[in-house]
Amino acid sequence: MELTAIVVGLALLEYTVFTMLCGRARGRCGVVAPATSGDPTFERYFRVQQNSVEQLIIFVPAMFLFGRYVSVPIGAGLGLVFILGRALFARGYYQDAPKSASGFGLALRANLSVLLAGLIGAVVAYF
Amino acid sequence: MELTAIVVGLALLEYTVFTMLCGRARGRCGVVAPATSGDPTFERYFRVQQNSVEQLIIFVPAMFLFGRYVSVPIGAGLGLVFILGRALFARGYYQDAPKSASGFGLALRANLSVLLAGLIGAVVAYF
Amino acid sequence: MELTAIVVGLALLEYTVFTMLCGRARGRCGVVAPATSGDPTFERYFRVQQNSVEQLIIFVPAMFLFGRYVSVPIGAGLGLVFILGRALFARGYYQDAPKSASGFGLALRANLSVLLAGLIGAVVAYF
């Protein structure tokens, strides 16, 4: 399971970078807390972070299910595809929202593959 | 623990449906990213997704605590009540925000029961 | 691992309090769902909850990595620092957003220490 843990940790580290870029954008764009809107540039950095939370809530448990009930190395590979997709998503979104689409789709496909296969693996292990 | 993993996987699958309905509502309501407000219908779909993240951040680890320190089958039963409550919450919210209240309360009660009993079970196991 | 589970459970319990205070603020400030803005007081309560989700998505898996690959008692100690930091963060934010900074920084440092050391521990265990 070490490999699963490492890939999950790397995905959380990537997310940490997104949160720090979002915090920096808040200062640069002059968006004063608790506001989270009002400047389109800040809103893009904020949405990258928020959308990452929305995906990680699936990814983290799904990776452990996949690692336990399907395959640790295949799970790690799919996890790396997820991390790559999220990097492309963020880089695109920071430029212009529509440019995030291809990275978003890549990461989403990897994420849902991990979830569905992990769930099927758990069902098969139960019966 | 397979049963715990299956119920957690099903809750994440239900959440995946909410995210896809939210994505579809974004297109239909003409809300252009990075905006997340401006159309009341889209805002209802968005809040269902966001509120699901806010609950799943408790539910996923609490289910594993409960399964380990209390009971796998009872945890699975409470988890299914949570999933049902979230479905009623979403269906109600999509129609009108106040209609989400009864499903919200059902899921919240199941979620907090899993968390509190799982925490107490861990404390008892420690001493 | 019981100690890790207990500290994670306590952090989720603290977060549950933040969500309930946010729900109460919604009623008191007259912010009608699905809206999440429009009243500065409610927005502060809402941001405390949202920011807690943004941090817990790292904290929960990182605590289990740290507990498994580094040290359960040290992880529990850092987890308690995180919980204390989040309490100071929330109390400050409820008064005025800038007053949340010191608690935020304390919790963030504890959280990133747990993540980085847990990830390094997993890498060392793998090789």
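Read on for a plain summary of the structure. (Residues numbered from 1 in each chain as written. Chains lettered and ligands numbered in written order. Predicted model: local features only at pLDDT ≥ 70, side-chain atom pairs only at ≥ 80, totals over all residues. Heavy atoms only, no water.)

**Describing the layout of surface pockets**
Rule in force here: A pocket here means an open set of points on a 1 Å grid, computed over the protein atoms alone, that has protein on both sides within 12 Å along at least five of seven lines. A cavity is instead a set of points where a 1.4 Å probe fits but cannot get out; residues with an atom within 4 Å of a point line either one. Grid points are joined across faces, edges and corners, and a volume is the space filled by probe spheres set on the points. A run of H or I in DSSP counts as a helix once it spans at least four residues, and a run of E counts as a strand once it spans at least two, with each numbered from the N terminus. We call Asp, Glu, Lys and Arg charged. Ala, Val, Leu, Ile, Met, Phe, Trp, Tyr, Cys and Pro are nonpolar, and the rest, Gly among them, are polar.
Quantified by volume, the largest pocket comes out at close to 1,000 Å³. Forming the boundary of the largest pocket are 31 residues, of which Phe64(A), Arg68(A), Phe64(B), Phe64(C) and Arg68(C) lie nearest the centre. Those elements that place two or more of their residues in the lining of the largest pocket are α2 (40-69) of chain A, α2 (40-69) of chain B together with α2 (40-69) of chain C. A per-element tally of the lining of the largest pocket places α2(C) first, with 9 residues. Considered class by class, the residues forming the lining of the largest pocket number 27 nonpolar, 1 polar and 3 charged.

**Focus: the environment of Phe46(B)**
Stated formally: Any pair of residues with heavy atoms lying within 4.5 Å of one another is described as a contacting pair.
Its place among the elements puts Phe46(B) in helix α2. Separated by 24 residues in sequence, Phe46(B) and Cys22(B) have C-alpha atoms that sit 5.6 Å apart. Excluding its chain neighbours within four sequence positions, the residues that come into contact with Phe46(B) are Arg47(A), Glu54(A), Cys22(B) and Thr36(B).

**Quick look at the relation of the copies chain A and chain C**
Stated formally: Overlaid copies result from least-squares superposition on C-alpha atoms, with residues included only where pLDDT is at least 70 in both.
It takes a turn of 120° to lay chain A on chain C, together with a shift of 0.0 Å along the axis; the resulting RMSD is 0.0 Å. What we have between these two chains is a three-fold relation. Within chain A, the C-alpha atom positioned nearest to the axis of rotation is that of Ile57(A), 4.1 Å from it. Taken together, the interface assignments show that only 12% of the residues at the interface of chain A recur at the interface of chain C, consistent with different surfaces on the two copies.

**Re the packing of α2(A) against helix α4 (residues 101-126) of chain A**
A pair of packed helices is characterised by two quantities: the angle between their axes and the separation of those axes. All names here are of chain A. Where we set the bar: All axes here are fitted lines through C-alpha atoms, helices being fitted over the stretch that makes contact, and every angle between N-to-C directions spans 0 to 180 degrees. Left-handed describes a crossing whose near helix is turned anticlockwise from the far helix by less than a right angle; the clockwise case is right-handed.
One way to put it is that α2 packs onto α4 with a least axis distance of 8 Å and a crossing angle of 40°. In terms of crossing hand, the pair formed by α2 and α4 is left-handed. Seen from α2, the contacting residues are Asn51, Gln55, Ile58, Phe59, Ala62, Met63, Leu65, Phe66 and Tyr69; seen from α4, they are Phe104, Leu108, Asn111, Ser113, Val114, Leu115, Ala117, Gly118, Leu119, Gly121, Ala122 and Ala125. For the contact of α2 with α4, the class distribution of residues is 15 nonpolar, 6 polar and no charged.

**Observations concerning the interface of chain C and chain B**
Our working definition: Summed over both partners, the accessible surface that disappears when two parts come together, traced with a 1.4 Å probe, is what is meant by buried area. Each polar contact in these results corresponds to two N or O atoms within 3.5 Å; when the atoms are within protein, one needs to be able to donate a hydrogen and the other to accept it, and residues that are neighboring in sequence are counted only if both atoms are side-chain atoms.
In this assembly, 24 residues from chain C lie in contact with 22 residues from chain B. When chain C packs against chain B, close to 1,900 Å² is buried across both sides, 77% of that on carbon and sulfur atoms. Connecting chain C to chain B are 3 residue pairs in polar contact (both at pLDDT 80 or more). Contributions of two or more residues to the side of chain C that touches chain B are made by α1 (2-29) and α2 of chain C. Tallying contributions element by element places α1(C) first for the side of chain C that touches chain B, with 11 residues. Partitioning the side of chain C that touches chain B into residue classes produces 18 nonpolar, 5 polar and 1 charged.

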